[in-house]
Amino acid sequence: MATHLNYGRVVLNNLREAARKELREFLDKCEGSKAIVWDEYLTGPFGLIAQYSLLKEHEVDKMFTLKEGCLPKADVKNIIFLVRPKLELMDIIADNIRSSFGISKHECLKPHENRRQGHPRDFHILFLPRRSLLCEQRLKEQGILISITHIEEYSLDLIPFDSDLLSMEAESAFRECYLENDQTVLFHAAKGLMTLQALYGTIPQIFGKGECARLVANMMLRMKREFAGSTNQILPVFDKLLLLDRNVDLLTPLATQLTYEGLIDEIYGIQNTFVKLPPEKFTARKQNESAQDLPTEPKKLLLNSAEELYAEIRDKNFNAVGSVLSKKAKIISAAFEGRHNAKTVGEIKQFVSQLPHMQAARTSLANHTSIAELIKDITASDAFFDNLTVEQEFMSGIDTDKVNNYIEEAIAQKEKLTKVLRLVCMQAVCNNGLKPKVLDHYKREILQTYGYEHILTLNNLEKAGLLRPQTSTRNNYPTIRKTLRLWMDDINEQNPNDISYVYSGYAPLSVRLTQVLARPGWRSIEEVLKMLPGPHFEERQQLPSGLHKKRQQGENRVTLVFFLGGVTYAEIAALRFLSQMEEGGTEYVIATTKLINGTTWIKSMMDKLKASLF
């Protein structure tokens, strides 16, 4: 049960239930026993909607990963391929179906062969999130379209990750929008927003900044006009929608996140709310146990707000986590000591009834203490400190216009290319582009050290606006930094009073824009908005008569902030901080095309030239 999805101001479990209902309806169309063949990328996001128990209730007996060659043996009536609409996956499906008929790779199926004796199987394809004519054409060319009983789409656009967080998990959204000029993901974002409005009512005000934001808003408004006859009589839950392009704020994802959850993601990577950690910190070593007896499998942990302790510490600056953990340790220890005070039968019974909760709290504390130790080993190192110092110098405007010694040294030491690229891109963004001489120097050093096959990556980063040459002598970043108070010198990491605590001094530009929109409004920063890429706009959506919301005394407004091109955990933490501010008056729900960090974001733009070209 995803009970934690019921707790926010917006009950996101309703969205999850709608997605589960649609899935059950499809499974019930395929009568009889079933095996699902998964596109491997989908298993993680899908697990947030439906566990195996739900599939089993609807006669799913087997599950396999989509691979080339023969399908594994399964005595079932239906084979369901659950896939993204990608042409290369159609070739694998064709291969699978042909091999199950014992037909060689280049043969086509004849119409009668699907029902050949001894092979009474039905094949189905469920596309996520949309059917694709190109894919169906490819299946036709491969000669296997005739053998497929059902082809349908499962419009899983926005997946609830937590009580205030939705993601499309479209891994290449930024790349598609800014490098390939492919707007498919924006159409899916608009469809996802229409689904939200069908469940939670029309959003009266839409604000946006950026080219992609404008396109999504236009698509939404067009879809609304097309369905004008079917307006839903639901009192709106959201007051505002803010659409933000990632390229309006290229700086934030490049910086190292300093919240607890952000650092877990930076160091170990959080995938669909799960993290895999080195096992050695999680097992108490027994006296005579040798190193080879210790577990080698990574420790896999679920991270969401259903766990009380994690909900409390996830958004804190890492430097404030230790004191919370030690306080919790004292409370839990005192609770266990309470057993000595239980004298009467009633008191003992009460203690026993609390035991499962106390034991769960103790396990949770042990896990997070181990994670904090793992992170501290890294954050206490000189390497981490030196890297952070350079980042903070760039963000506060120090020495952004010349070749940086630390970056040169990192290239000479052949440190991870993603680390080097994050720093060079950060320097370029904070300097409104690099002087041609500086940029050429970096490019030459990188290509000579890491190989000329990375020339495509450098071109991609330039095209995306991250690694650009300086085209004018005017650098707008200092003006933007001062006007929006992006750099704060006096921050309190333990008891913060400003969003800049998430990066120990730097306030994410994206979240500052969100904060200013709520109060005093964007008119107050008109000049800065013009300096940032893309248009800014406001649209109003007409509510059905009688559905205008009367706000209760002291009731907060709810704003949905949709990041097109990815969002970091530190930005999410900053928005949660704004939600909790006494005088804020606004609660935030966050939606995104993908949860990212600087490394995964840079990797999504990396390409290598094929060796054969040399």
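Below or above, wherever it landed, is the structure these notes cover. The structure displayed is predicted, hence computed values, not measured ones. (Residues numbered from 1 in each chain as written. Predicted model: local features only at pLDDT ≥ 70, side-chain atom pairs only at ≥ 80, totals over all residues. Heavy atoms only, no water.)

Comments concerning the pairing of strand β9 (residues 240-245)
Step number 1: Most of β9 is tucked away, with 6 of its 6 residues classed as buried.
Step number 2: Alternating residues of β9 divide into Lys-240, Leu-242 and Leu-244 and Leu-241, Leu-243 and Asp-245, and every residue in both groups is buried.
Step number 3: Where strand β8 (residues 205-209) meets β9, 5 bridges bridge the pair, whose relative direction is parallel. When the sheet's bridge partners are listed, Phe-207 is paired in β9 with Leu-242. (Buried < 20%, exposed > 50% of the residue type's maximum accessible area, 1.4 Å probe, protein only. Helix = DSSP H or I, 4+ residues; strand = E, 2+ residues; numbered from the N terminus. Pairing = 2+ DSSP bridges.)

Some details on the sheet that holds strand β10 (residues 270-271)
Step number 1: A sheet is described by the order of its strands in space; here 3 strands give the open sequence β10-β11-β12, paired in antiparallel fashion. Only two strands of the sheet have a single partner each, and these edge strands are β10 and β12 (299-302).
Step number 2: Where β10 lies against strand β11 (residues 274-277), 2 bridges are found, and the strand directions are antiparallel. Looking at β11, one finds that Gln-271 is bridged to Phe-274.

Focus: unusual backbone geometry
Most of the time, phi is negative for any residue but glycine, and the peptide bond is trans.
Step number 1: The omega torsion across Leu-128 and Pro-129 is -5°, close enough to zero to call that bond cis.
Step number 2: Here Pro-129 lies in the loop between β4 (122-127) and α5 (133-141).
Step number 3: Here the residue pair Arg-519 and Pro-520 is connected by a cis peptide bond, since its omega of 10° sits within 30 degrees of zero.
Step number 4: By secondary structure assignment, the location of Pro-520 is in the loop between α20 (509-518) and α21 (526-531).
Step number 5: For Asn-272, which is not glycine, the phi dihedral falls at a positive 50°.
Step number 6: Note that Asn-272 resides in the loop between β10 and β11.
Step number 7: Classification of Asn-272 by relative accessible area gives buried; the value is 12%.

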